[in-house]
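Chains, contacts and geometry: an overview
The chain contents come next:
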Amino acid sequence: MHHKIIFTGPVGAGKSTAIAAISDKPVVTTEARASDEVSLRKQTTTVAMDYGVLQLADGQSVHLYGTPGQQRFDYMWEILSRGGLALVILLDNSREDPVADMVFYLDKFRALLQRRPVCIGVTRMDLARSPRLHSYQQKLAEMGIKAPVFEVDARKPNDVKTLVRSILHILAIGS
Ligand SMILES: Nc1nc2c(ncn2[C@@H]2O[C@H](COP(=O)(O)OP(=O)(O)OP(=O)(O)O)[C@@H](O)[C@H]2O)c(=O)[nH]1
Ligand SMILES: [Mg+2]
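The notes below deal with the structure included here. (Residues numbered from 1 in each chain as written. Chains lettered and ligands numbered in written order. Predicted model: local features only at pLDDT ≥ 70, side-chain atom pairs only at ≥ 80, totals over all residues. Heavy atoms only, no water.)

Thoughts on the sheet that holds strand 6 (residues 86-92)
If you trace the six strands from one edge of the open sheet to the other, you get 4-5-1-6-7-8, paired in mixed fashion. The sheet is open, and its two edges are formed by strand 4 (50-55) and strand 8 (149-151), each paired on a single side. Looking at each pair of strands side by side, their axes are set apart by 25° on average, direction ignored. (Pairing = 2+ DSSP bridges. Helix = DSSP H or I, 4+ residues; strand = E, 2+ residues; numbered from the N terminus. Axes fitted to C-alpha atoms, helices over the stretch in contact; angles between N-to-C directions.)

Shown next, in the form of structure tokens:
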């Protein structure tokens with residue numbers, strides 16, 4: 001069984017960082033020097049995908065795929081969604097309206113989410129304390145979507161593993 005989990009979310013939310021933090025194998029990345037408005041935030045950006053593998057204690061592997069954040073690469077979102085068991089949306093809490101970002105990605109991945117669970121990770125809360133997690137939870141409740149919401153520092157393997165474990169728990173994998 002090929003367990004595939006997809007990480008998406010806006011530029012700089014930490015998708016590439018999170019996959020690198022927990023992958024047990026060297027990650028495959030497609031970083032390119034950022035040339036546009038992204039370069040104000042960071043030096044490189046994902047242009048196609050990230051790929052890593054998390055090995056579970058029972059010998060199963062979880063394949064982790066990261067999307068590009070930039071909308072101009074959105075054709076990759078659909079390609080990477082294929083065969084996905086679950087979606088992780090990472091949100092950068094220091095962006096202007098990260099709750100609106102969550103709604104945007106929930107909408108873009110709605111085809112996948114008709115059949116598959118989603119989990120929300122809010123990053124960079126050390127840089128921006130607000131909005132608080134309950135604002136995300138409130139919006140999800142309004143939309144009738146069930147999804148756990150975690151504070152995550154994408155650089156910290158334990159934070160990212162907690163997020164992935166929660167989704168594996170929902171999927172009843174690796175228990
Ligand atoms: N201060 C702080 N920095 C974080 C946190 N999580 C991630 N970062 C940093 O934020 C940046 C995220 O960059 P990437 O991992 O390239 O982001 P991405 O989501 O892959 O972005 P694109 O590929 O451009 O869409 C990195 O510099 C991380 O070190 C956090 O919780 N706090
Ligand atoms: Mg990236």
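Right, picking up where we left off after that structure.
Some points on the coordination of the magnesium ion (ligand 2)
Looking at the magnesium ion (ligand 2), one finds its protein donor set to be Ser 16 (OG) and Thr 46 (OG1), positioned 2.0 to 2.1 Å from the metal centre. Taken as a pair, Ser 16 in helix 1 (residues 15-22) and Thr 46 in strand 3 (residues 44-46) lie far apart in primary sequence, 30 residues in all. By relative accessible area, which is 6% here, Thr 46 ends up buried. (Donors = N, O, S within 2.8 Å, 3.2 Å for Na, K, Ca; no water. Buried < 20%, exposed > 50% of the residue type's maximum accessible area, 1.4 Å probe, protein only.)

Concerning the site of ligand 1
As a matter of local geometry, ligand 1 sits amid 20 residues, with Lys 15, Thr 17, Thr 45, Thr 46 and Arg 124 nearest to it. Between ligand 1 and the protein, one listed contact pairs an oxygen atom with a side-chain N or O atom of Ser 16 at 2.9 Å. Gly 69 places a main-chain nitrogen or oxygen 2.9 Å from an oxygen atom of ligand 1. Relative to its unbound accessible surface of 670 Å², ligand 1 loses 85% to contact with the protein. When residues of the shell around ligand 1 are traced back to their parent elements, those giving at least two are helix 1 and strand 3. Top contributing element to the shell around ligand 1 by residue count: helix 1, with three residues. A per-class count over the shell around ligand 1 returns seven nonpolar, seven polar and six charged. (Near = heavy atom within 4 Å. Polar contact = N/O pair within 3.5 Å; in protein donor to acceptor, adjacent residues only side chain to side chain. Areas by Shrake-Rupley, 256 points an atom, 1.4 Å probe, with all protein chains shown as cover. Nonpolar A, V, L, I, M, F, W, Y, C, P; charged D, E, K, R; others polar.)

Let's talk about the side chain of Lys 4
Within the fold, Lys 4 resides in strand 1 (residues 3-8). Of the side chains bearing the opposite charge, Glu 78 lies closest to the buried Lys 4, which forms no salt bridge; the N-O distance is 9.6 Å. There is a polar contact of 2.8 Å between the side chain of Lys 4 and the backbone oxygen of Leu 80. Reaching out from Lys 4, the side chain makes a polar contact with the backbone oxygen of Arg 82 at a distance of 2.6 Å. (Lys, Arg positive; Asp, Glu negative; His and termini not counted. Salt bridge = Lys/Arg side-chain N within 4 Å of Asp/Glu carboxyl O.)

So, the packing of aromatic side chains
Note on aromatic pairs: each is described by the distance of the centres and the angle between the planes. For the structure shown, the criterion picks out five aromatic pairs. With a centroid separation of 6.3 Å and 90° between ring planes, the pair formed by Trp 77 and Phe 104 is classed as edge-to-face. Of this pair, Trp 77 sits in helix 2 (residues 75-81) while Phe 104 sits in helix 3 (residues 98-108), placing them 27 residues apart in sequence. On the basis of relative accessible area, Phe 104 is assigned to the partly exposed category, the value being 29%. Here the aromatic rings of Trp 77 and Tyr 105 are separated by 5.4 Å at their centres, their planes lie at 45°, and the arrangement is tilted. With Trp 77 in helix 2 and Tyr 105 in helix 3, this residue pair connects regions lying 28 residues apart in the sequence. By the burial criterion, Trp 77 is buried, and Tyr 105 matches it. (Phe/Tyr/Trp six-rings, centres within 6.5 Å; stacked < 30°, edge-to-face > 60°.)

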